[in-house]
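Descriptive analysis of the structure
Each chain, written out:
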Amino acid sequence: LTVSDLVEESYKRISEVEDQVQAFLTLDEERARSTAKKLDEKLGTDESKGLLFGMPIGVKDNIVTKNLRTTAASKILGNFDPIYDATVVQKLHNAETITIGKLNMDEFAMGSSTENSGFVKTKNPWNLDTVPGGSSGGSAASVAAGEVPFSLGSDTGGSIRQPASFCGVVGLKPTYGRVSRFGLIAFASSLDQIGPITRNVEDNAYLLQAISGLDPMDSTSANVAVPNFAEALTGDVKGLKIAVPKEYLGEGINEEVRQSVLDALKILEKLGASWEEVSLPHSKYALPTYYILSSSEASANLARFDGIRYGYRTPNANNLLELYKKTREEGFGEEVKRRIMLGTFALSSGYYDAHYKKAQRARTLIKKDFDDVFEKYDVIIGPTSPTPAFKLGEKTSDPLTMYANDLLTIPVNLAGVPAISIPCGFDNGLPLGLQIIGKHYDESTIYRVAHAFE
Ligand code: GLN
C-alpha cells in the first residue's frame with residue numbers, strides 16, 4: 001500500500017458519496033497527489049517519517065491554508081486565498097499528513113447543524129434527512145462517510161463534540177491553550193479550540209499529539225508539557241472516580257440518550273471504576289452566559305471583515321461608509337448578523353455592566369463548579385447532546401431551540417477544560433454520543449476512559 005493508494009481511495013470515496021453528503025467546500029486534488037508521490041519516495045527507505053505519515057486529512061474551512069481557498073463558509077470571504085498556514089496545518093505538514101480538502105461548517109462556526117453555511121447543507125451520512133450537527137458538520141460527516149480517516153474541527157461551544165455525536169465518530173475539544181489558535185479564523189477567542197475528529201480513540205490521540213503544544217504565535221497557547229497520549233490507552237480504569245452531574249441526566253434529555261449513558265456507566269463499573277451523582281449548580285446559566293460572551297467577542301473579531309482587507313467587496317458603493325455597510329450586509333448571513341448585533345448591544349455603554357460584566361461573573365461560577373467536582377473525581381460523564389441528530393430544517397426557524405441543543409457542551413468551553421465525544425449506541429438508527437470531561441490538561445485520562453469502550 002502506498003500513500004498514493006490512500007489518497008486515491010479517499011478521492012474515490014468522495015466521488016461516490018459527496019453528491020449526497022456534501023461535506024467538502026474545496027478539494028485540493030492536484031497538490032494532494034503530488035505530495036503523496038513525494039512521500040511514496042520515502043517508502044522502503046530508512047528516512048525518518050512523520051507521526052501520521054501519508055494519512056489523508058480534511059480541514060475545517062475556518063483554519064487557514066496557504067494558497068488553498070479558505071472561507072469559513074462565509075460569502076464575505078468569497079475566494080479568499082490565505083498567504084500563510086495556520087500553526088496546526090504546519091504541524092500536519094511536519095507529521096506528513098495529506099490535506100484532501102476543506103470542510104463545510106456553519107458560517108464563522110456559528111450554529112449547531114451546518115445549515116448556516118453560506119454555500120451548501122451537509123447531510124448526516126447515517127440518514128440524509130438529518131443534520132450532521134455543527135458547526136464542524138463537514139468535519140464529522142466526512143469521517144463518518146469514510147471520505148477521510150482524520151479531520152480537524154473547531155469547538156467554541158460544542159462544535160466538535162456535538163457533530164461527532166450526531167455522526168457516530170470520535171471528537172475531542174482539547175484544554176483551552178493546548179492547541180495553537182494561530183490561523184484559526186476567530187469566532188470567540190476566549191473559547192475557541194481546534195481539535196481532532198476520527199473514527200476511533202487511538203487515531204484521535206495521535207492526531208492530538210501532532211497538533212498540540214506551545215506556539216509563540218499564539219499568546220494563549222500554554223507552556224505545558226505535551227504527554228504521550230497513546231500511552232494512556234491501556235484499557236485500565238480500575239479505581240477511577242467518575243462524577244455524573246444530575247443536570248446532565250434530568251429535564252430535556254431524551255430517554256434513549258439517558259439510558260445509553262447509564263449503560264456506559266455500567267460497563268465502566270464492571271471494569272472497576274465507580275460513579276456518583278454530583279451537581280454543577282450554575283450550569284443552568286451556561287447558555288445565556290455563553291451567548292452574551294461569545295457574541296460579544298464575535299462582534300469584535302468580525303469587525304475586520306469590511307470589504308477592504310479580504311474577500312468580498314460590494315460593487316454598489318458610492319463612498320467608504322457605504323462600502324463597509326453594503327459589504328457586510330451582502331456578505332454576512334442572517335445568523336452571523338444576529339450574533340454581531342447581540343454582541344454589540346451587550347458591549348455598548350450603559351448595557352456593558354448589566355450583560356457583559358455579569359456574564360463574566362457567571363462564567364467564573366460555572367468554572368468553579370467544575371473545579372469543585374474535580375477535587376474529588378477524575379472525570380465527569382454525561383451525554384454529549386440531549387437528542388440524536390434532528391431533521392434538516394427542523395430548528396432553523398427558531399434560533400433559541402437551536403441554541404438549547406448545546407446545553408451540555410457549552411459549560412465545558414466556559415470552564416476551559418477538555419472533553420471528548422465517543423459513540424455510545426443508537427436511537428432509531430441514529431448514533432448517540434457519550435461525553436467524557438477531564439481536568440485541565442488531562443486529556444490522557446479522558447483517552448484512557450474512552451479507550452476502555454473499544
Ligand atoms: N452551536 C454553538 C454556537 O452556535 C457552538 C458553536 C461552536 O462551538 N463553534 O455558537
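Residues numbered from 1 in each chain as written. Predicted model: local features only at pLDDT ≥ 70, side-chain atom pairs only at ≥ 80, totals over all residues. Heavy atoms only, no water.

Per an unreviewed UniProt entry, the protein chain goes by the name Glutamyl-tRNA(Gln) amidotransferase subunit A and belongs to Robertmurraya mangrovi. Taken directly from UniProt, the Sequence similarities (unreviewed entry) text for the protein chain runs: "Belongs to the amidase family. GatA subfamily." Of the protein chain, the UniProt comment under Catalytic activity (unreviewed entry) reads exactly: "L-glutamyl-tRNA(Gln) + L-glutamine + ATP + H2O = L-glutaminyl-tRNA(Gln) + L-glutamate + ADP + phosphate + H(+)". (UniProt positions renumbered as here; feature names shortened; annotations may be inferred.)

What follows concerns a nonpolar patch on the surface. Residues Ile-308, Leu-320, Leu-321 and Tyr-324 make up a contiguous nonpolar surface patch of roughly 360 Å² in combined accessible area. Locating Leu-321 in the fold gives a position in helix α9 (residues 320–331). What makes Leu-321 exposed here is its relative accessible area of 52%. (Patch = residues over 30% accessible without salt bridge, like charges linked within 9 Å, V, L, I, M, F, W, Y side chains within 5 Å. Areas by Shrake-Rupley, 256 points an atom, 1.4 Å probe, with all protein chains shown as cover. Salt bridge = Lys/Arg side-chain N within 4 Å of Asp/Glu carboxyl O. Helix = DSSP H or I, 4+ residues; strand = E, 2+ residues; numbered from the N terminus. Buried < 20%, exposed > 50% of the residue type's maximum accessible area, 1.4 Å probe, protein only.)

Taken as a whole and assessed by the stated rule, the structure comprises twelve aromatic pairs. Seen in terms of ring centroids, Tyr-84 and Phe-182 are 5.2 Å apart; in terms of plane orientation they differ by 35 degrees. Their pairing is tilted. Of this pair, Tyr-84 sits in the loop between β2 (56–60) and α3 (87–95) while Phe-182 sits in the loop between β5 (170–173) and β6 (193–198); the two residues are 98 residues apart in sequence, bridging distant segments of the chain. Tyr-84 gets classed as partly exposed once you look at its relative accessible area, which sits at 35%. Taking 4.4 Å as the distance between ring centres and 35 degrees as the angle between the ring planes, the aromatic pair formed by Phe-345 and Tyr-351 counts as tilted. An aromatic cluster of at least three residues, connected via ring pairs, comprises Phe-80, Phe-108, Phe-305, Tyr-310 and Phe-332. A cation over a ring is seen here: Lys-49 above Phe-53, with NZ or CZ 5.9 Å from the ring centre. (Phe/Tyr/Trp six-rings, centres within 6.5 Å; stacked < 30°, edge-to-face > 60°. Lys NZ or Arg CZ within 6 Å of the ring centre and 35° of its normal.)

Of all six residues that make up β6, six are buried, and the element is covered over most of its length. Residues of β6 alternate between two faces, with Gln-193, Gly-195 and Ile-197 on one and Ile-194, Pro-196 and Thr-198 on the opposite face, all of them buried. Two strands pair when backbone bridges link them, and β5 and β6 are joined in this way by two bridges, in the antiparallel orientation. When the bridges of β6 are listed, Gly-171 appears paired with Ile-197. (Pairing = 2+ DSSP bridges.)

As annotated by UniProt and renumbered to match this structure, "domain: Amidase" (unreviewed entry) occupies residues 5–446. Between the first and last C-alpha atoms of residues 5–446 the distance is 33 Å; the span itself is 37% helix and 14% strand.

On to the environment of Asn-228. Among the secondary structure elements, Asn-228 is positioned in the loop between α6 (201–211) and β7 (241–245). From its side chain, Asn-228 meets the backbone nitrogen of Ala-230 in a polar contact 3.1 Å long. (Polar contact = N/O pair within 3.5 Å; in protein donor to acceptor, adjacent residues only side chain to side chain.)

Time to look at the environment of Lys-123. Relative to the elements of secondary structure, Lys-123 occurs in the loop between β3 (98–103) and α4 (137–144). The spatial distance from the C-alpha of Lys-123 to the C-alpha of Val-21 is 4.9 Å, given a sequence separation of 102 residues. Contact partners of Lys-123, with chain neighbours within four places excluded, come to Gln-20, Val-21, Gln-22, Leu-128, Thr-130, Pro-132, Ala-141 and Leu-392. Looking at Lys-123, its side chain comes within polar contact range of the side chain of Gln-22, at 3.1 Å. (Contact = heavy atoms within 4.5 Å.)

This next bit is on helix α2 (residues 29–40). The end-to-end C-alpha distance of α2 is 16 Å, a good match for the 16 Å that twelve residues give at a rise of 1.5 Å each. Next to the buried residues of α2 lie α1 (3–21) and β3. (Expected span 1.5 Å × (residues − 1).)

A cis amide bond links Gly-134 with the next residue in sequence, Ser-135, at an omega value of 10 degrees. Checked against the element boundaries, Ser-135 lands in the loop between β3 and α4. At Ala-72, a position not held by glycine, the phi torsion is positive, near 50 degrees. Tracing the sequence through the fold places Ala-72 in the loop between β2 and α3. Judged by relative accessible area, Ala-72 falls into the buried class, the value being 0%.

On to the pattern of salt bridges. Enumeration over the complete set of coordinates arrives at 19 salt bridges. Close ionic contact of Arg-338 with Glu-334 constitutes a salt bridge, the shortest N to O distance being 3.2 Å. Here Arg-338 and its partner Glu-334 are both found in helix α10 (residues 334–347), four residues apart, which amounts to about one turn of the helix. Of the charged contacts in the structure, one is a salt bridge between Glu-335 and Arg-339, with a shortest N-O distance of 2.7 Å. Remark: Arg-339 and Glu-335 occur in helix α10; sequence separation between them is four residues, near one turn of the helix. Like Glu-335, the residue Arg-339 is buried in the burial classification. Within this structure, Glu-334, Glu-335, Arg-338 and Arg-339 form a network of salt bridges that share partners.

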